[in-house]
Structures are given as C-alpha cells and as structure tokens.
Amino acid sequence: MGLEITLSYNGDMEEKLRRLPSVDRLLGESEIQELTSVHGLSRDLVVELVRESLDFYRSEIKKGRDLPATGEIAARITGRAAGLVIPSLKRVINATGVVLHTNLGRAPLSEEAISVMVNVSQGYNNLEFDLESGERGSRHTHLEPLLCRLTGAEAALVVNNNAAAVLLGLSAFAKRKEVIVSRGQAVEIGGGFRIPEVMKQSGAKLVEVGTTNCTYIRDYEAAITPRTVALLRVHSSNFKVVGFTHMVTLEEMVALGKQYNLLVLDDLGSGCPLDTTRFGLGAEPLIQDSVKLGADLVFFSGDKLLGGPQAGIIVGKKALIDKLKKHPLVRAMRIDKTRIAALGVTLLHHLKGEATVKIPVWQMISMPLEVIERRARYWAESLAGMARVIEGESLIGGGSLPGSSLATRLVAIGDPQKPAQTQRLARILRSQNPPVIGRISENILLLDPRTVSEVDDEILIRAVQQALRQAVKESQG
Ligand SMILES: *Cc1c(COP(=O)(O)O)cnc(C)c1O
C-alpha cells in the first residue's frame, strides 16, 4: 500500500517534469526573444538563463510544487535578465536628512569634481608621468601641494580610504611595538572598523589606558615602556560620552610625546577643514589645528566632511610621510586616477573658500532654514492634503559630530496609528526610479529637503505622488 502511494506520487511528479516547456519553446516566447532583440543580450546568455530557470523549477517540482505556467517561467527568466542588465548600483534620492549617509554613498561630489573625473578617464592622463622630463612620475605628486596648503602640513599622502591610512601608519611605525590609546577611544565606528582590530592587523600592540569616561595624561605616562612608539588619538566619531568625563587634549599628548620621544598619531575620522560652529553645529576638531598643535601624522577620510571622493588622507611630518610612501602596503592601497582628479578639485574648492557654494555636503550644511522651509511647503502643497510640514532635525552622520544636529523642516506623511501603512509607503518609495529614501520616526514617514538637491524637487514630488497612489491601491486590493 505504502509503496503504491509512493509510486503514484513519483509518477505524478515525473509527469509534471515532462510537461515543463522545452528550452526551444521558451526561446520562442516573445518576451524572451526581446531579451536579444531589444535588450541586446547574446543568444548564449539567454539560453543559459532559460536553462537555469528550468533547473530551478525542476528542483521545485521534486520538492512537491505544481507545474508552473509558461508565463511564470518566462517572467522568472526576464526577471533574472533584468537583474543583470539593470545596474545594481544606481542613483537614489536621499531624503533622510543625514548629510553623510555611509549606506547612501557618503559625500556627493561637486559638478567640477565630476567633470574632471570624466575628463581624465575618457582618454590617457599623466597619472605617473612627468610631463617636463618625459620620464616616470609619481601619482603622489598631484595632491600633496594642495593638501599641504590646506592643512599647513609639511607633507601628505593619499591612499584608498581612512581605514587603510590608519593601518598603513601603524604598520609602518608600530609593528611589534606598543601604541597607547585611551580606553574611551578604542572604538568601533561601524562597518566592522574597530580600532583594536586594525591595530592587531598592523602588528602593533594596543595598550589601553584610563577608563571609558575618564583618561588623564598621567595614565598615558604611566603606561610608557621601552617598547612604546606612539600615542594614538582616535575621534570617537559616532558616539558621545556625556556627564562626568575627561579626555586628554592633543596639546598634552604632543608635550608628552616630545618628552619621551614618541610619535603622536591623530585619527580624525571625518577630517573637517571648516569651522562647524559657524553653521550652528557643535565644534568638530579641525585638520589644521591637529597639524598646528604638532601631531606627527593626522589621518582622515576624503568622503566625509571634506566632501570629496572615497580616500584616506595622511598629512604630517615630511620624514615620516617619505617613509610611508616607500612602504609596500601603499601599492596595495593606492587610489585611482578618477579619485585623484576629484579630490584635487574638492581641495581647491576649500582653498578658494568656495566650499559652501560648490561642495554639496557644505551646501547642505549651510542651507538657510528659510530655503528648506519654502521647499518643504512646496512639497507638502504638491501632495494635496497628504502631507504636513513639521519642525525637525537633520544629522551630519558619517562619524562626525555625534549628538549634533541642524534645525530643519520635514515633510511628514502618514498616520502614527498605522505603522504598517507607513512602512508600505516607505517600501514603495524605495521601488521608484530613482528610489527615494526617507526616514521613519514614530511611525511617520519624514522627508528632509536639506539632503535633496533642489533640481530633484519635481522628481521627488512625482515619486511621492505615485507611491501614495500605489499605496492606496495596494491597501484596497
Ligand atoms: C570613518 C572613520 C574611519 C574610517 O574611514 P574610511 O574612510 O571609511 O575608511 C576611521 N577612523 C575614524 C575615527 C572614522 O570616523
């Protein structure tokens, strides 16, 4: 009896497998043909996609599912093809109000920075070629003069990102030696970048001193041994210790370093070149100040408050930078021509004092509240009764200015009593072209004009109108 049931079950399954359409039959479907005729995929690739989908349904049928309709199989194939031909990385509209959103690509670039990237990558360039002598040059020469002017440092070196920069600095100077860090600065800044782990990779031994909330210069001094080479300061980036706290100043560290002949390394994280208090923000340590106060090496990112492309920048004493340039890791961490070009233009914006006019990050930070209010009202009016303007705050993000925010106006959509509806609207907005990313607070969807380029206002409004219509339709059906 049991055997019979199994047999008829298997027979049923085999019948289904036999009735699956053939590769040729699927290749004849109009939407599959269009993959070649309209979207330009090769026949071989389309055949591969067809075979993969048939394999998928075969194994599903073996697990007990029903025979799929030919239309369903074709839809799966075209869906897979779309996954290949539509770029995975695409532009989105950041309406979260977080200026430096690491998940949304951090700093957008200035128009001039973008055009120079296009310019140097369309053809050849003098990346490592000395035009005067006609001989081999160095990619490090393009940015160093600009960085020295901007920060007041003797020398500079640019690598792939700041995590690489810190790893390089520690590998070059602290391998098998001790580096003293305040316990309150042995931080994780997100995305797996943990200071203790980077130090381990470099071969440096981390010596933590003080407590989470209080570290004094005498704690550093007491930890110095014959194996100590450096004192490291790390910007706490994404958190703030409040209340009873004490942190050692860079001046104190430099003085102690001088006394014991130790290097003073400063991981600034964001690396801010402009006084943030001018814009109503808290104070962020300035790169120029770290150099002036005598840090030997200062490390920071290119795509945080500098407002440029991804890069890790090291500025400081010439003898040390010269040594770093010869380190074998530099080759493994180098940045490409397009980013060198964009970073150069970004540094020039700062040097010319035009950051708040030309660099998107600084345009957003300095955007007058009246402008934000006017735009928020316009957005809300265009959404005819579905949205209201409320007061709120924009964040800087990107591991800078923790706990510091800018007053803004937000367009609020949704009913706080209906969280599922708000989630649905946010999801539909993310599926628009381009996707619009908002933030949800207390079950309401919030859109902040500060981080949306004004030229995208109409695109955003249309996307929200469309998403609201779709959300209503979904909730009815
Ligand atoms: C952001 C940050 C880094 C890492 O910089 P990337 O450019 O993202 O590699 C390192 N240290 C601190 C303190 C940071 O805030």
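Residues numbered from 1 in each chain as written. Predicted model: local features only at pLDDT ≥ 70, side-chain atom pairs only at ≥ 80, totals over all residues. Heavy atoms only, no water.

1. A few points about the sheet that holds strand 16 (residues 444–447)
Next up, step 1: Pairing is mixed across the open sheet formed by 5 strands, whose spatial order is 2-12-13-16-15. Taken across any chain shown, the strands that pair with only one partner, and hence form the sheet edges, are strand 2 (98–100) and strand 15 (439–441). When strand polarity is set aside, the average angle formed by the axes of neighbouring strands in this sheet is 40 degrees.
Next up, step 2: In terms of strand pairing, strand 2 meets strand 12 (residues 387–397) through 2 bridges, oriented parallel. In the sheet register, L100 faces strand 12, and the bridge partner there is G397.
Next up, step 3: In the packing of helix 18 (residues 369–382) onto the sheet, contacts are made with strand 12, strand 13 (405–413) and strand 16, and the angle to strand 13 comes to roughly 5 degrees. (Pairing = 2+ DSSP bridges. Helix = DSSP H or I, 4+ residues; strand = E, 2+ residues; numbered from the N terminus. Axes fitted to C-alpha atoms, helices over the stretch in contact; angles between N-to-C directions. Contact = heavy atoms within 4.5 Å.)

2. Examining the layout of surface pockets
Next up, step 1: By volume, the largest pocket amounts to about 1,100 Å³.
Next up, step 2: Taken together, 33 residues make up the lining of the largest pocket; nearest its centre are V92, P108, L109, M364 and S453.
Next up, step 3: If you list the elements that add at least two residues to the lining of the largest pocket, you get strand 1 (93–94), helix 6 (111–122), helix 16 (355–358) and helix 17 (360–365). (1 Å grid on protein atoms, 1.4 Å probe; cavity = no way out; pocket = protein on both sides within 12 Å on 5 of 7 lines; lining within 4 Å. Points joined across faces, edges and corners; volume = space filled by probe spheres on them.)

3. Some points on the side chain of T215
Next up, step 1: Mapped onto the secondary structure, T215 falls in the loop between strand 7 (205–209) and helix 10 (217–223).
Next up, step 2: Residue T215 is classed as buried on the basis of its relative accessible area of 0%.
Next up, step 3: Of note is the side chain of T215, whose polar atom sits 2.8 Å from the side chain of S182.
Next up, step 4: Once residues within four sequence positions are removed from consideration, T215 is found in contact with S182, R183, V209, G210, Y220, H246, M247 and V248. (Buried < 20%, exposed > 50% of the residue type's maximum accessible area, 1.4 Å probe, protein only. Polar contact = N/O pair within 3.5 Å; in protein donor to acceptor, adjacent residues only side chain to side chain.)

4. Quick look at the domain arrangement of the protein
Next up, step 1: Segmenting the protein into domains produces domain 1 (2–85), domain 2 (93–100 + 362–476) and domain 3 (110–358).
Next up, step 2: For domain 1 and domain 2, the distance between their C-alpha centres works out to 41 Å. (Domains from an automatic or database assignment.)

5. Focus: a positive patch on the surface
Next up, step 1: Among the surface-exposed residues, K175, R176, K177, K205, R227 and K323 lie close enough to one another that they form a single positively charged patch.
Next up, step 2: If you trace the backbone, K177 turns up in the loop between helix 8 (162–174) and strand 6 (178–182). (Patch = residues over 30% accessible without salt bridge, like charges linked within 9 Å, V, L, I, M, F, W, Y side chains within 5 Å. Areas by Shrake-Rupley, 256 points an atom, 1.4 Å probe, with all protein chains shown as cover. Salt bridge = Lys/Arg side-chain N within 4 Å of Asp/Glu carboxyl O. Lys, Arg positive; Asp, Glu negative; His and termini not counted. Charge placed at Lys NZ, Arg CZ, Asp CG, Glu CD.)

6. What about the sheet that holds strand 9 (residues 263–269)?
Next up, step 1: What the 7 strands build is an open sheet, ordered 5-11-10-9-8-6-7; its pairing is mixed. On the outer flanks of this sheet lie strand 5 (155–159) and strand 7, each paired with one strand and no other. Strand-to-strand twist of the sheet, defined as the mean angle between neighbouring strand axes without regard to direction, takes the value 25 degrees.
Next up, step 2: Relative to strand 7, strand 6 runs parallel, the two being bridged by 5 bridges. Each residue of the ladder has a partner; that of S182, found in strand 7, is V209.
Next up, step 3: Helix 7 (residues 144–151) contacts strand 5, strand 10 (297–301) and strand 11 (312–316) of the sheet and is inclined by roughly 120 degrees relative to strand 5.
Next up, step 4: Sheet strands in contact with helix 8 are strand 5, strand 6, strand 8 (228–234), strand 9, strand 10 and strand 11, and its direction is about 155 degrees off that of strand 10.

7. Points about a nonpolar patch on the surface
Next up, step 1: A contiguous nonpolar surface patch, about 260 Å² in accessible area, is contributed by L84, V85 and I86.
Next up, step 2: Among the secondary structure elements, I86 is positioned in the loop between helix 5 (70–85) and strand 1.
Next up, step 3: Judged by relative accessible area, which is 47%, I86 ranks as partly exposed.

8. Points about the packing of aromatic side chains
Next up, step 1: If you walk through the whole model with that rule in mind, you get 2 aromatic pairs.
Next up, step 2: Ring centres of F279 and W362 lie 5.6 Å apart, and the angle between their planes is 50 degrees; this geometry places the pair in the tilted category. Of this pair, F279 sits in the loop between strand 9 and helix 12 (287–292) while W362 is found in helix 17, placing the two residues 83 residues apart along the sequence. For the pair F279 and W362, one class covers both residues: buried. (Phe/Tyr/Trp six-rings, centres within 6.5 Å; stacked < 30°, edge-to-face > 60°.)

9. A look at empty space enclosed by the protein
Next up, step 1: Applying the stated rule across the entire model yields 1 cavity of 30 Å³ or more.
Next up, step 2: Roughly 70 Å³ of internal volume is contained in the largest cavity.
Next up, step 3: Lining the largest cavity we find R139, H140, L143, E144, L147, A156, L157, V158, R334, I335 and I340.
Next up, step 4: Of all the secondary structure elements, the ones that give two or more residues to the lining of the largest cavity are helix 7 and strand 5.
Next up, step 5: For the lining of the largest cavity, the element with the highest residue contribution is strand 5, accounting for 3 residues.

10. Side note on the side chain of S301
Next up, step 1: The topology assignment puts S301 in strand 10.
Next up, step 2: What makes S301 buried here is its relative accessible area of 3%.

11. Considerations on the environment of G243
Next up, step 1: Its place among the elements puts G243 in the loop between strand 8 and helix 11 (250–260).
Next up, step 2: Overall, the relative accessible area of 66% leaves G243 in the exposed class.

12. Describing the packing of helix 4 (residues 43–62) against helix 5
Next up, step 1: Packing of helix 4 against helix 5 leaves a shortest axis separation of 9 Å and a crossing angle of 125 degrees. If you check the angle between helix 4 and helix 5, you find them oblique. Crossing geometry of helix 4 relative to helix 5 is assigned as right-handed. Residue-level inspection shows L45, L49, V50, S53, F56 and Y57 of helix 4 in contact with helix 5, the latter providing E72, I73, R76, I77, R80, A81 and L84.
Next up, step 2: Of the residues belonging to the contact of helix 4 with helix 5, the class tally is 9 nonpolar, 1 polar and 3 charged. (Parallel < 35°, antiparallel > 145°, perpendicular 65-115°, else oblique. Left-handed = near helix turned anticlockwise from the far one by under 90°. Nonpolar A, V, L, I, M, F, W, Y, C, P; charged D, E, K, R; others polar.)

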